[in-house]
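# Summary of structural features
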Amino acid sequence: MSDRTDRELGMKRNITRRDFLNGVAVTAGATLMPWELFAAGDVDPQKSPSYNPPALTGLRGSHPGSFDAAHSLRDGTFWDAAGAPQDTGETYDLIVVGGGISGLSAAHFYRKTAGANARILILDNHDDFGGHAKRNEFRVGNAFRLGFGGTFSVESPAPYSKEARGLIEELGIDVASYPKYHDAKLYQSLSLRSKIFFDKETFGVDKLVAGPASLAGGEKDYDAPDNREAWKQFLADAPLAAQAKSDLDRLRHDPRDYFPGLSSTEKKAKLARVSYAAFLRDVVKVHEDAVKLYQAVPHGLFGVGIDAVSAQDAWGLGLPGFEGMKLDPAPGKGMNRDTIPNEEAEKYFFHFPDGNASIARLLVRNLIPNAIPGNSWNDVVLAKASYSTLESSASPVRIRLNSTAVRVKHVGDAATAKEVEVAYARGGKVYTAKAKNCVLACWHVVIPYICEDLPQKQKDALASAQKVPLLYTNVALHNWTSFQKVNANSVYAPGCYHTRVALDLPVSIGGYECARKAEEPIVVHMMKTPCKPGRPARDQHTAGRIELFNTTFETMERKIREQLARTLGAGGFDPAREIAAITVNRWPHGYAYEYNSLFDPFWLEGGETPCEVARKSFGRIAIANADAGAYAYTDEAINQAWRAVGELTKR
Ligand SMILES: Cc1cc2nc3c(=O)[nH]c(=O)nc-3n(C[C@H](O)[C@H](O)[C@H](O)COP(=O)(O)OP(=O)(O)OC[C@H]3O[C@@H](n4cnc5c(N)ncnc54)[C@H](O)[C@@H]3O)c2cc1C
């Protein structure tokens, strides 16, 4: 991608990331990673006083060591190597598999019914709790910086349910107070705005250009009457073919009815069955450069480009081409829930500096009060978790990390059993514990391998819950003067490895102060979806997942450095000097798969959806997780926990 040498890129510089390449310590005397502590004979790394996973850099998200047991189970090799499980002798009221927001919420709801003394064990295969709601910490000089390694914010395309909103309120989070903490005018006051980076491999030349909000994610769109000059400037600056520029102008400013003679319902039915890329190419007949420009716009929502998003959903997202089609504003059949506008939902937004990891931490504080010091909802932002207390014998609730559930079965027949036995792998050994009830709040694709007694139809439905792979990369910089020099705070880069680059959202809360001056350290967030345009969405996700598992951290790091150097080159960005730390949150199993009218006929035609079949309770085992609603949002993780616990407690 670039002609720069590793030395120019700073690949040999000593930053806080290369001590651990793919989880292998290469620096003498380096702190051992949690899974290495197991290997070193310490069976309980959580008990180590220095255990603080959010501060680890390098490859995070689904980090090395977190998935080996599950993959070995999938490959049918686990039990031969594992040996007989050891019985811990522990018995609980509830065992929850999965310590994400759904699992933590399940524990919370269960205690509401069963009482605060209910004994609960939560197992998670990662070295931290929170699942996708992952906290990243950085220290750059004297500055402490937070980043979100996954879930960005409280937000959802549809309003939060009574139960989900109730939980947020019970945790004390004052969603309406968000404007108090968000310095919404900061970047604007420094003349920074969103831009588009055209790369030479895709567009013939490297160029950073101010661009339309619908592409670049900015505040003011170029269709606004007072912004026509800026639109003209964009067309003049963009390195696109002359025909593409004229087509883009027509697409945005010359509304046409591309399906004359059809009713709104008939038009929507056609739009639901054609991708936006095909609509642009074959119906609007734009030049290929215009298609390339829009290709990555939906990456952040769906993990795929416009080749795998329907034109009807593009209409819902406000993408151009539909203004002259006289479509009834009511949602069309088969629309993705992400693309149905809802004003009430839009207003319900809150971003903590570590994203919804703060929600996970508040839930943990609620379940195990000593685990996270403090007593207000916003002091949790700076509070340091005491991981050793997650397993305190004095607490009725325990969170056992680095523990992969490998078998969940009733003790006896599912219809009459009084207990469920859960076997889990931890530190190379397998243990068992028993409980009266079990909530599987883990990823649905895992469940057929750990709960073999489920009916085949249900296993097939669970297996179809393909996760959307993503990289959420956080790069800590010593300063952001180069962003200031090129007047950009966020960049859409349709042809690059990471298709979005953005300075951290300026939020100061609970004693945490965001960077306000360009000379101060900051976290830059970058997003990649490893999609493979042209294939059905599920196939793209499978191929992308394999790519993420097989890409080394070194390769990712080189791509990050190259991309930042090229994008910010005119601002004098020096990747060797300015990068202080890199954390790549790798999520091969990312968003819950949301149904898509192009590939899921049931979503258009009606009938039972796979997630309804997948989430059916089985004896004393109930099934939660956002996958159970095929909806990749925090509120769904909570809703599904509420439903799953309700099914158990009503028995
Ligand atoms: C990168 C990213 C960004 C997102 N941004 C937002 C956002 O801004 N707003 C929003 O509302 N939603 C967002 N979402 C979606 C949201 O994060 C999820 O819907 C929600 O957090 C899912 O919670 P969960 O508990 O259902 O699943 P997870 O968070 O995935 O938790 C499930 C846990 O179960 C564990 N597990 C799996 N198998 C086993 C096993 N066998 N044994 C033990 N543990 C196991 C997993 O490793 C995981 O830790 C985002 C998702 C991702 C991936």
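For the structure, see preceding data.
Conventions used here
- All residue numbers here refer to positions counted from 1 along the written sequence of the relevant chain.
- Per-residue local features are limited, in this predicted model, to residues with pLDDT of at least 70; the limit for side-chain atom pairs, both in listing and counting, is 80 or more; totals at the level of whole chains, interfaces and linings are taken over all residues.
- In computing side-chain properties, one takes all heavy atoms of the structure into account and sets aside hydrogens as well as water.
- Strands are runs of DSSP state E lasting at least two residues, helices are runs of H or I lasting at least four, and both sets are numbered from the N terminus onward.
- Restricting the calculation to C-alpha atoms gives the radius of gyration, and the globule rule supplies 2.2 Å times the number of residues raised to the power 0.38.
- For each residue, the accessible area found with a 1.4 Å probe, counting protein chains only, is set against the maximum for its type, and the residue is called buried under 20%, exposed over 50%, and partly exposed in between.
- Two strands are said to pair when DSSP picks up at least two bridges between them.
- The convention used is that axes are lines fitted to C-alpha atoms, helices contributing only their stretch in contact, and that angles between N-to-C directions extend from 0 to 180 degrees.
- Working rule for contacts: check all heavy atoms of both residues, and any pair within 4.5 Å makes them a contact.
- Put simply, the grid is 1 Å and covers the protein atoms alone, a cavity is a trapped set of points that fit a 1.4 Å probe, a pocket is an open set with protein on both sides within 12 Å along at least five of seven lines, and lining residues have an atom within 4 Å of a point.
- Grid points are joined across faces, edges and corners, and a volume is the space filled by probe spheres set on the points.
- Residue polarity follows a fixed list, in which Ala, Val, Leu, Ile, Met, Phe, Trp, Tyr, Cys and Pro are nonpolar, Asp, Glu, Lys and Arg are charged, and the others, Gly among them, are polar.
- Whether a residue is near a molecule or strand depends on its heavy atoms: if one lies within 4 Å, it is near.
- A 1.4 Å probe and the Shrake-Rupley method give the accessible areas. Residues count as covered only by the protein chains that appear here.

Glancing now at the overall build of the protein chain. Scanning the protein chain from terminus to terminus reveals 28 helices and 19 strands. Against the 2.2 N^0.38 benchmark of 26 Å for 651 residues, the protein chain shows a C-alpha radius of gyration of 25 Å, consistent with a compact globule. In terms of overall dimensions, the protein chain has C-alpha extents of about 75 × 60 × 45 Å along its principal axes. A total of 651 residues make up the protein chain; the buried ones form 61% of that total.

We now examine the sheet that holds strand 15 (residues 488-492). Ordered in space as 3-18-14-17-16-15-8-9, the eight strands form an open sheet in which the pairing is mixed. Among the strands making up the open sheet, the edge pair consists of strand 3 (58-61) and strand 9 (207-210). Each strand axis lies, on average, 25° off the axis of its neighbour in the sheet, ignoring direction. Two elements, strand 15 and strand 16 (residues 500-503), share three bridges in a ladder whose sense is antiparallel. Bridging from a neighbouring strand, Y492 pairs with R500 of strand 16. Running at roughly 165° to strand 9, helix 11 (residues 228-237) makes contact with strand 8 (193-198) and strand 9 of the sheet. The sheet strands contacting helix 24 (residues 553-567) are strand 3, strand 8, strand 9, strand 14 (468-477), strand 15, strand 16, strand 17 (522-528) and strand 18 (579-591), and the helix crosses strand 18 at an angle near 115°.

On to empty space enclosed by the protein, then. Summed over the entire model, instances satisfying the criterion amount to five cavities of 30 Å³ or more. If you add up the space inside the largest cavity, you get close to 140 Å³. Taken together, 17 residues make up the lining of the largest cavity; nearest its centre are F302, V304, N336, E594 and N596. Put simply, the parts of the chain that give the lining of the largest cavity at least two residues each are helix 16 (299-302) and helix 23 (537-550). Taken as a whole, the second largest cavity encloses approximately 70 Å³ of empty space. Contributing to the lining of the second largest cavity are A461, S464, A465, R538, A592, Y593, Y595, P610, C611, A614, D627 and A630. Looking at which element gives the most residues to the lining of the second largest cavity, the answer is helix 27 (residues 610-614), with three residues. Its residues placed into classes, the lining of the second largest cavity shows nine nonpolar, one polar and two charged.

So, about the site of the ligand. With respect to spatial proximity, 35 residues lie near the ligand, and among them D124, N125, T151, W443 and T634 are the closest. Considering the ligand on its own, with 1000 Å² of exposed area, one finds that the protein chains cover 98% of that surface. In terms of residue count, strand 18 provides more of the shell around the ligand than any other element does, three residues in total. Of the residues that constitute the shell around the ligand, the class distribution is 17 nonpolar, 16 polar and two charged.

Right, let's talk about the pairing of strand 15 for a bit. Burial analysis of strand 15 places five of its five residues in the buried class, which makes it a mostly covered element. Bridge count between strand 8 and strand 15: four bridges; the pairing is parallel. By the bridge assignment, I196 is partnered in strand 15 with Y492.

Glancing now at unusual backbone geometry. The phi torsion at N402 lies on the positive side, around 55°, for a residue other than glycine. Within the secondary structure, N402 is located in the loop between strand 10 (397-400) and strand 11 (404-410). One non-glycine residue, A630, adopts positive backbone phi at about 45°. For A630, the location among the structural elements is in the loop between strand 19 (621-623) and helix 28 (634-649). For A630, a relative accessible area of 3% puts it in the buried group.

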